[in-house]
Structures are given as structure tokens and as C-alpha cells.
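# Fold and geometry: a report
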Amino acid sequence: MGQGAAAGTPPFAAETAVELVGVGKSFGPVTAVRELSLAIRRGEVLTLLGPSGCGKTTLLNMIAGFEEPSAGRILIDGRDVTEVPPYLRDTGMVFQSYALFPHMDVFENVAFGLRMRKLPKAKIAAEVMRALEMVKLGGLERRRVRQLSGGQQQRVALARAIVLRPKVLLLDEPLSALDKNLRAQMQVELKELHERTRLTTLFVTHDQGEALSLSDRIVVMSRGEIQQIAAPIELYRHPANSFVASFIGEINRLPPARCRLSGGEIVFSLAGIELTAARRDDLALGDGQQVHLFVRPEHLAVAAEAAGGRNRIACRVVTHVYQGTHTLTRVEAGALGVLQLRVPGGAVIERAPPGSEIGVEINLDEAVALPD
Amino acid sequence: MKHRVPRRRPFFLAFLLPSLLAAGLFLAALGDVLQYSFRTFIPGSLDVGGFTLENFLRIGRPIYLSVLLDTVTISVLTALFTLLLSYPVAYALVRARRDWVRTLLIILAITPLFTGEIVRTYAWILVLGSNGFVNSLLKDAGLITAPLSLLYTRFGVTVALVQFSMPVMIILLATAISHVDRNCERAAANLGAPPLMVFWRVTLPLTMPGVISGTIVIFAWTMSAFSTPQLIGGGKVLMISNLVYLQGLSTFNFPFAAVLSLLALLVAMGSLGLIRPAIRRLERRVALH
Ligand SMILES: Nc1ncnc2c1ncn2[C@@H]1O[C@H](COP(=O)(O)OP(=O)(O)OP(=O)(O)O)[C@@H](O)[C@H]1O
Ligand SMILES: [Mg+2]
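Starting from 1, residues in each chain are numbered consecutively following that chain's sequence as written. For this description, chains carry letters from A and ligands carry numbers from 1, given in the order in which they are written. Only residues with pLDDT of at least 70 get local features here, since the model is predicted, and only at 80 or more are side-chain atom pairs given and counted; chain-wide, interface and lining totals rely on the full set of residues. Note that the side-chain values use all heavy atoms of the structure and ignore hydrogens as well as water.

Looking only at helices and strands, chain B features 12 helices and 2 strands. When the elements of chain B are put in sequence order from the N terminus, they spell out α-β-β-α-α-α-α-α-α-α-α-α-α-α. Across its three principal axes, chain B shows a C-alpha extent of roughly 80 × 70 × 30 Å. Sequence separation of at least 24 residues holds for 70% of the intrachain contacts in chain B that already meet a minimum separation of 6. Put simply, DSSP H or I for four residues or longer makes a helix, DSSP E for two residues or longer makes a strand, and each gets a number counted from the N terminus. A contact between two residues is defined here by any heavy atoms of the two lying within 4.5 Å.

Listed below in C-alpha cells is the structure:
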């Protein structure tokens, strides 16, 4: 995981582990996945990110072979597996609900796949122990799975999949059933696990924080369609459309603006005010073009004075939400509607109580302008 | 428990009262049967004489032992064949993809419950009789010249009992199968198990509680089967209930009928007791919820 692999560490970079070509799935009248194409690179963590019901599990099920695609081909390691039954596909699935075998203990759960491969007993025992060590479950091998905590069950499910070193690890929202602290801890462990195993991983989540911290690349999906495929930083800074912009992190969407090019600057006129930005390569806009500006809360700042000055507007404070390292402040910005600011620390709560007038400075250096 | 929730006890007792009453009545009847079994039989009279142990010695006679053996054998075979035939039906019933297949299977599986036992038994007589459906079919196909004797045999009785038992078994098994987590089966396939292996290592073990309780229910109720062996056995196949009937209502030997009844009860409970350790072990391995 991490950006190292995203940038591409040869000889892996160009190699494709899993390829979907025009894959689609309908359940009767319901289209779960629109025909889409996608390549998972060997050794990377690719995340499917999207709201509930957008077709993530369906896509995973098609790769694992539990659902037959209505259209398209699926290739694993260059081999067309579209017609191949699940048990011959060599994928490693971790289910949303874990799906551990309740009638077997931890050891037998992890050993199941190895037994199916008819490995010698000693080899099986050694492999199981190694996998359990890797997920920090050493010593629990004779426990019944029902006697395990949610986090431990999660680890058993992981161990059961990775012990076979599958061609692709399919993780379906593996952390969604865990409480917040445990989830944060498991994120770190998943990352370490991937660094040790380097297994090609397709990770499904609807938690954008999880996606940003775990992935080499993220596929943003909505209603069965791919919205954007990009590395986390790229996705955060340059969302391809307004769905991605609002789905990844917090963002303020400003009212429609008209652009005017003036020297080295772009002037946006919106709702009776003007905001200026320096011209940038990624802000290739034409004169008179109609756009929406998207600004992250961390690019809004409380100004020293209430009004006057470049990109500064007068606002009235609505609420503060204190978050320790920072405060999320909601302000009423007249024609711009309600804006959200991310202010470092908590001093702003006393300095500008709800109802008070403040000036807010909008930094457009990293703003995103998207056509309507 | 007693001192903790004193206020709830009368409440629960009120609910228990009807079943306690029923249990009391059954116990009284059983007690009556028990006392009859120690009385002397007076031929030609409905009254019974004084205390004796002779009735118990009488069951040692080969003819009665063979009825007992037949009863147990037929019950075991019925339970096993019912299980073997019902499992695939229950499985298809739960897992069929198309709604109409499921509906059809439910109807086919359940309707026998709504035709009375007598009607069904006569239907079997039509099917198994020497000029019945099976024999005519085999004769027309040229496979046999003389009719096979299917009726009035242990085979015929067992076949009818199996059919009689299947709806209940199917319902019990279907319930168990529908509780199996599909993702567990998918996980097994994902780990490299071919379909039969998935069934053997995951589906079957997870439905074992249903299999066990279904088999026990069928075994127990076949042990007490009466009208099916009475009509299809035609007096040539005797199960314990038929013998009790014969002793009690033909020769009016109530004491011996009482002994036979107690014996049937003991054998049923005894056989359950025998397989109990095995069941315990299985259940501990499966330990559902
Ligand atoms: N077996 C099915 N029959 C009919 N519709 C289905 C079936 N499975 C999924 N769908 C539909 O397909 C769509 C995608 O479902 P899917 O389970 O893939 O979503 P998801 O992205 O995994 O959602 P979540 O985040 O809630 O798990 C949904 O609209 C769902 O209702
Ligand atoms: Mg899902």
C-alpha cells in the first residue's frame, strides 16, 4: 500500500492481475452494474468506493464467480474465467459478514482451503500457524469461532483467505462491522499485512476515510457506474465531477459562477460577488464559461477584518463543532448559502460565538471548478 | 432464582396449568396401564384377577420378540429412508431459483398431510396390490409374469410409512436448510471446495440438528404407527401397536396389552437413549447459535 506502489515499483507496475472487460450485471429490471472496464494491477490495493447499493458487492461476486455477469468478460492472470466456477478461480474473498464456518474451530477454518488442496498435514499446520501469527491470533487456534470478538472473527476471515495466497484478495467492507477504534487499528494492520504479503487486493468500502488511507488507487462508483479512477491524493484534489467532489471528504459547493479571464487571473462572478483565482493548468476555463466552484473547508479561513479585501466575504456564525485538533464552523454567507470552515484549534469558538459577524477568506488556489 | 423474581412465578404457573393438567391425566393413564400389567388375565372376562408377573414373562416368547424386532427394524428403516428421500426435496424446496418450482414442491410435499391416513393407506393398496399400479406396469413392460407381493409385506408397510412421514421430515429439514448462511457455502467454494464437498463439509454439518431431530421424530412416531401396518400389513405384518390392538380388543387380554404398551414405550425411549451420546457429540460439533 502507500504511494510507493501507486507510482509503480517495477516490475509490477504494468502487470495486470485482474481485468474486467465490459462487465455488467442486471437482476431482472434492476441494473446493479453498468457495463464497465477495469484493470487491477498486480500487488496493488484497489478500492471500490461508493454509496450503499451502487453495485460493489455485485462486482466482487462476479469476480469471485458467485454471480454470472450479464455482459462482458473477466480475466484473472490473463485467463478468461467468465465461465469458470468459483472453486477453480483462486480468489480470496473476505465477506461483509465474515461467513466463518460455525461448526469448525479457528484452526479448521483457516485450514479449510489447504485441506481442499490436499496438502500434507504438517504443511497445513505450519501454514495455518503462520497465517494466524500474521493476523495476531496466535494461541487461539482451538477456539470456536462463536467465542471470538468481532475483531477476532475478522482476523480469522482474513487469515483463511490469505493463507492460500490467492491471485486476488477480495475484501467486502471487512471493517464495517467493527467499532470505530477497532476499525482504525485494523486499518493499520491491513496496511501492514499488505506490505508483508503484497497480495493484489480489491477492497470494497463506502467509508471514504478508509479508502483514502488504504488504497493505491480508488474507483469511485455510483449507481453501477464508475465515476473516476485515481490515486487518493489525485481524487481528493482533482475530482472529476461533482459526485466525486462531494463524496470524497467535505466540500463546499458554491452557486453557479461565470468565468472571466483577466491577465494572469480568472474572475468568477457568482451571486453578485466576485472571487479571483490565479490561472492554473488544471483550471483550464474559457471566457464566459459557466461553472460550479467546489472549495474544501480547510481552504476557508477566518479573516482578521469582517469585510473588504480579495476573496473575503462577510458571514454570520451558525454553529461550531469542536473536534480536538480543529473546529468545524458553519457560517451563513448571504448569497453563497451556508459554508463550512475547518479552523485549527478551538479558539474560534470563543472569539466568534454563534450569531457574531466574521469575515471569511476563500482560498481558491486548490478550488475545483466543474461544469454544471 | 426463587427469591429474585417472586412476582413472576404465579404468572408462569398460570400458563403451565393446562399442560400440568394434561400431564397429570397422562400420568394417571400410564399408572393405570402399569397396574393392569401386573394383573392376572381371566379369559372370557373383562375383569382382571390378582397380582402376577406372568405377563412380563410372556413377552419373552419368540413370536412377540419378532414383532418387537420388526417394529424396531421398520421404524429404523422408515426413519432412514424418509431422511434420504426428504433431504433432496427439502434442499430443492429451499434453494430452487424459480418461484413456481418452489411453490410446486411445497404443494407436492405438504398436500399428503391434508389427506387422512386412511385415504392415503387405501391409495397405497391400489398402488401396491397384486392388480395394482406397480404390478400392472411391470407386467405390461414384460418384466414380470406373476405379480410381486408388495402388499402385506414389510416392504409395502415401510414404503407407505416413508411416504406418510416425508411431509413432516421435509418441513423440518427445509427449516434447517433455510437457516444455513449462503455465504458460508460461498466461502467454502471460494476456498476451493467443489459443490459436493461444499455440501459435505458445510451444508450437511450445518443442517445436522434438523437431520437429527427429524430422524428421531420419524423413528418415534413410526414405532407407534397403527393404521398403516394394520391396513397394508393386512395382519401379515404386525407392529407393536397392532399387537396391542389384537390383545386388547380381540382377546380382551388387557394385562398383556398393557405390558406390550409399556414395552413399546421402553424400547422407543431406550433406543433414543442409546443414540443420545452420538447426538450429543454431533450437536456439540455443530453447536448452532
Ligand atoms: N440477487 C439480487 N437480486 C436483485 N437485485 C439485487 C440482487 N443483488 C443485488 N441487487 C441490487 O443490485 C444493486 C447493487 O447491490 P450491491 O449489493 O452490489 O450493492 P453494494 O454496493 O454492495 O451495497 P452495500 O454498500 O450496501 O453493500 C442494489 O440495487 C441491489 O438492490
Ligand atoms: Mg455490499
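Moving on to the side chain of A:Asp216. Note on placement: A:Asp216 falls in the loop between helix 7 (208-214) and strand 9 (217-222). In this structure A:Asp216 is buried but unpaired, with A:Arg198 as the nearest side chain of opposite charge at 5.6 Å. Exposed residues in this analysis have more than 50% of their type's maximum accessible area, buried residues have under 20%, and partly exposed residues fall in between, with area computed by a 1.4 Å probe over protein chains only. His is not counted, nor are the chain ends; Lys and Arg add positive charge and Asp and Glu add negative charge. Salt-bridge detection follows one rule: a side-chain nitrogen of Lys or Arg within 4 Å of a carboxyl oxygen of Asp or Glu.

A separate point is the packing of helix 3 (residues 62-95) of chain B against helix 7 (residues 154-178) of chain B. If you want to describe how two helices pack, look at the angle between their axes and the distance between the axes. All names here are of chain B. Here an axis means a line fitted to C-alpha atoms, over the contact stretch when the element is a helix, while the angle between two N-to-C directions is reported on a 0 to 180 degree scale. In the contact formed by helix 3 and helix 7, the axes pass within 6 Å of each other and the chain directions differ by 45°. Between helix 3 and helix 7, the angle falls in the class oblique. In the packing of helix 3 onto helix 7, the handedness of the crossing is right-handed. As a working rule, the residues Ala, Val, Leu, Ile, Met, Phe, Trp, Tyr, Cys and Pro are called nonpolar, Asp, Glu, Lys and Arg charged, and the rest polar, with Gly in that last group. Within the contact of helix 3 with helix 7, the residues separate by chemical class into 21 nonpolar, 6 polar and 3 charged. In this scheme, roughly parallel covers angles under 35 degrees and roughly antiparallel covers those over 145, while 65 to 115 is roughly perpendicular and the rest are oblique. Crossing chirality is assigned from the near helix's rotation relative to the far helix, an anticlockwise turn below a right angle marking it left-handed and a clockwise turn marking it right-handed.

For the rest of this paragraph, the subject is the domain arrangement of chain A. All names here are of chain A. Annotation comment: domain bounds sourced from an automatic or database domain assignment. Entries for chain A in the domain assignment read domain 1 (16-247) and domain 2 (255-371). Taking only C-alpha atoms, the centre of domain 1 and the centre of domain 2 are 39 Å apart. Facing 8 residues of domain 1, the contacting portion of domain 2 comprises 7 residues. In this description, buried area is defined as the sum, over both parts, of the accessible area (probe of 1.4 Å) that is lost when the two are combined. Buried surface at the junction of domain 1 and domain 2, both sides included, amounts to about 680 Å², of which 53% is carbon and sulfur.

Turning next to the sheet that holds strand 4 (residues 71-76) of chain A. Residues and elements named next belong to chain A. The rule for pairing is simple: two strands pair if DSSP sees at least two bridges between them. Read across the open sheet, the 4 strands follow the order 2-1-4-5; overall the sheet is antiparallel. If you trace the sheet from one side to the other, it starts and ends with strand 2 (30-41) and strand 5 (79-80), each paired once. Here strand 1 (residues 16-27) pairs with strand 2 via 8 bridges, running antiparallel. By the bridge assignment for strand 2, Phe-27 is matched with Val-30.

All names here are of chain B. One less than the residue count of a helix, multiplied by 1.5 Å, gives the span that helix is expected to have. For helix 4 (residues 99-110), built from 12 residues, the straight-helix expectation of 16 Å at 1.5 Å per residue is met to within 8% by its first-to-last C-alpha distance of 16 Å. Looking only at helix 4, the buried set comprises Leu-105, Ala-109 and Ile-110. Along the axis of helix 4, the buried residues cluster in a sector spanning 110°; they form a single face. For helix 4, the exposed residues set more than 90 degrees away from the buried face come down to Trp-100 and Leu-108. Structurally, helix 4 contributes buried residues whose contacts are with helix 3 and helix 7. Taking the helix axis as origin, the arc is that swept by the directions to the C-beta atoms.

Note on placement: B:Asp70 falls in helix 3. Among all residues touching B:Asp70, those that are not within four sequence positions of it are B:Arg154 and B:Leu238.

It is worth spelling out the site of ligand 1 at this point. Residues and elements named next belong to chain A. Around ligand 1, the neighbouring residues are Phe-27, Ala-32, Ser-52, Gly-53, Cys-54, Gly-55, Lys-56, Thr-57, Thr-58, Gln-96, Glu-173 and His-206. Side-chain atoms alone can form a polar contact between residues adjacent in sequence; in general such a contact is a pair of N or O atoms within 3.5 Å, and within protein one must be able to donate a hydrogen while the other accepts it. Within the contact set of ligand 1, an oxygen atom lies 2.6 Å away from a side-chain nitrogen or oxygen of Thr-57. One of the side-chain N or O atoms of Glu-173 is found 2.9 Å from an oxygen atom in ligand 1. Exposure was quantified through the Shrake-Rupley algorithm and a 1.4 Å probe, taking into account, for residues, occlusion by the shown protein chains and nothing else. Computed on the free molecule, ligand 1 has an accessible area of 630 Å², of which 62% lies beneath the protein chains in the complex. The leading source of residues in the shell around ligand 1 is helix 2 (residues 56-64), at 3 residues. Tallied by class, the residues present in the shell around ligand 1 amount to 3 nonpolar, 7 polar and 2 charged. Proximity is defined per residue: if any heavy atom of the residue lies within 4 Å of a molecule or strand, that residue is considered near it.

Okay, the interface of chain B and chain A next. Contact residues are listed per partner, giving 24 residues for chain B and 27 residues for chain A. Taking both sides of the interface into account, the surface hidden between chain B and chain A amounts to around 2,100 Å²; carbon and sulfur atoms contribute 60%. At the boundary of chain B and chain A, one finds 1 salt bridge. Of the charged contacts, one joins B:Arg186 and A:Glu67 as a salt bridge, the two residues approaching to 3.8 Å between their closest N and O atoms. Across the chain B-chain A interface, the total number found is 4 residue pairs in polar contact (both at pLDDT 80 or more). Listed by contribution, the elements that provide at least two residues to the side of chain B that touches chain A are helix 8 (182-190), helix 9 (195-223) and helix 12 (254-286) of chain B. Ranked by the residues each element gives to the side of chain B that touches chain A, the list is headed by helix 8 of chain B, at 7 residues. Residue composition of the side of chain B that touches chain A, by class: 15 nonpolar, 4 polar and 5 charged.

Side chains of nonpolar character tend, in soluble globular proteins, to be buried together. Within the largest apolar cluster, 82 residues are counted, with the highest numbers of intra-cluster contacts made by A:Leu20, A:Leu48, A:Phe101 and A:Phe112. Tallying contributions element by element places helix 3 (residues 106-116) of chain A first for this core, with 7 residues. In this text, buried Ala, Val, Leu, Ile, Met, Phe, Trp, Tyr and Cys residues form a nonpolar core when linked through side-chain atoms within 4.5 Å. Within the second largest apolar cluster, 37 residues are counted, among which are B:Tyr64, B:Val162, B:Val211 and B:Ala264.

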